[in-house]
Amino acid sequence: MLMFQKEMMLPPYKRGLHLITELIVSEFEELKRIEVGMAQIFIKHTSASLTINENADPTVRSDFEKHLNVMVPENAPYFIHTYEGLDDMPAHIKASLMGSSVIIPVSKGSFNLGIWQGIYLCEHRNKAAGRHLIISAWGL
């Protein structure tokens, strides 16, 4: 069995959902060596998240952002953890709702995603620095 792991730094993104599939693929050359296996992408932050969803229509990403802001609004009077701004606690809640990792099948050296699927970075902070990802892949 082959096993590979790499940490990569994403550039800073503005708040919202951003397709990062191709960036991950370009940074993780080892993926090409796996004929059949699995990959996990994990984000090392508590105010950003990862998800897989439609990669074709950008309105999907903006609708996600709008809906998350309705579900978890800033300025809620009951938030106490606002040390880093009004987006602080909402970002943590959104990250927990969306999740910190995704697992994807690998086939013939590529992510085996559906035709309309892509990996999103969900940036929940108004001003965030780059984000660290750990990419692990294993298989034959």
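Up top is the structure these notes are about.
Described below are features of the structure shown in this document. Here the structure is a predicted model, which is why all the values come from computation and not from measurement.

Things to note about the packing of helix α2 (residues 59-71) against helix α3 (residues 88-98)
Two numbers describe how α2 lies on α3: the axes approach to 10 Å, and their chain directions differ by 120°. Relative to α3, the crossing made by α2 is right-handed. In this structure, α2 uses F64, L68, N69 and M71 to contact α3, whose residues at the interface are K94, L97 and M98. Its residues assigned to classes, the contact of α2 with α3 comprises five nonpolar, one polar and one charged.

Considering a nonpolar patch on the surface
There is a patch of nonpolar side chains on the surface, built from M1, M3, V36 and L140 and spanning about 500 Å² of accessible area. By the element assignment, M1 lies in the segment before β1 (2-9).

Some details on the sheet that holds strand β5 (residues 101-107)
Spatially, five strands are ordered β1-β8-β3-β5-β6 in an open sheet, and the strand pairing comes out antiparallel. In the strand order of this sheet, the two ends are held by β1 and β6 (110-111), each with one partner. In this structure, strand β3 (residues 36-43) lies alongside β5, joined through seven bridges in antiparallel fashion. When the bridges of β5 are listed, F42 appears paired with S101.

Digging into the environment of W116
Residue position: W116 is located in the loop between β6 and β7 (117-123). For W116, a relative accessible area of 54% puts it in the exposed group. The residues contacting W116, other than those within four sequence positions of it, are N53, E54, N55 and A56.

Regarding α2
An ideal rise of 1.5 Å per residue puts 18 Å on 13 residues; α2 measures up with 18 Å between its terminal C-alpha atoms. Listing the buried residues of α2 in full gives V60, R61, E65 and L68. Within α2, the buried residues cover an arc of 140° as seen down the axis, which keeps them to one side. α2 presents K66 and V70 as exposed residues on the side facing more than 90 degrees away from its buried surface. In this fold, the buried residues of α2 make contact with β2 (16-19), β4 (48-54), α3 and β7.

Cut-offs and rules
Residues numbered from 1 in each chain as written. Predicted model: local features only at pLDDT ≥ 70, side-chain atom pairs only at ≥ 80, totals over all residues. Heavy atoms only, no water. Axes fitted to C-alpha atoms, helices over the stretch in contact; angles between N-to-C directions. Helix = DSSP H or I, 4+ residues; strand = E, 2+ residues; numbered from the N terminus. Left-handed = near helix turned anticlockwise from the far one by under 90°. Contact = heavy atoms within 4.5 Å. Nonpolar A, V, L, I, M, F, W, Y, C, P; charged D, E, K, R; others polar. Patch = residues over 30% accessible without salt bridge, like charges linked within 9 Å, V, L, I, M, F, W, Y side chains within 5 Å. Areas by Shrake-Rupley, 256 points an atom, 1.4 Å probe, with all protein chains shown as cover. Salt bridge = Lys/Arg side-chain N within 4 Å of Asp/Glu carboxyl O. Pairing = 2+ DSSP bridges. Buried < 20%, exposed > 50% of the residue type's maximum accessible area, 1.4 Å probe, protein only. Expected span 1.5 Å × (residues − 1). Arc of directions from axis to C-beta.

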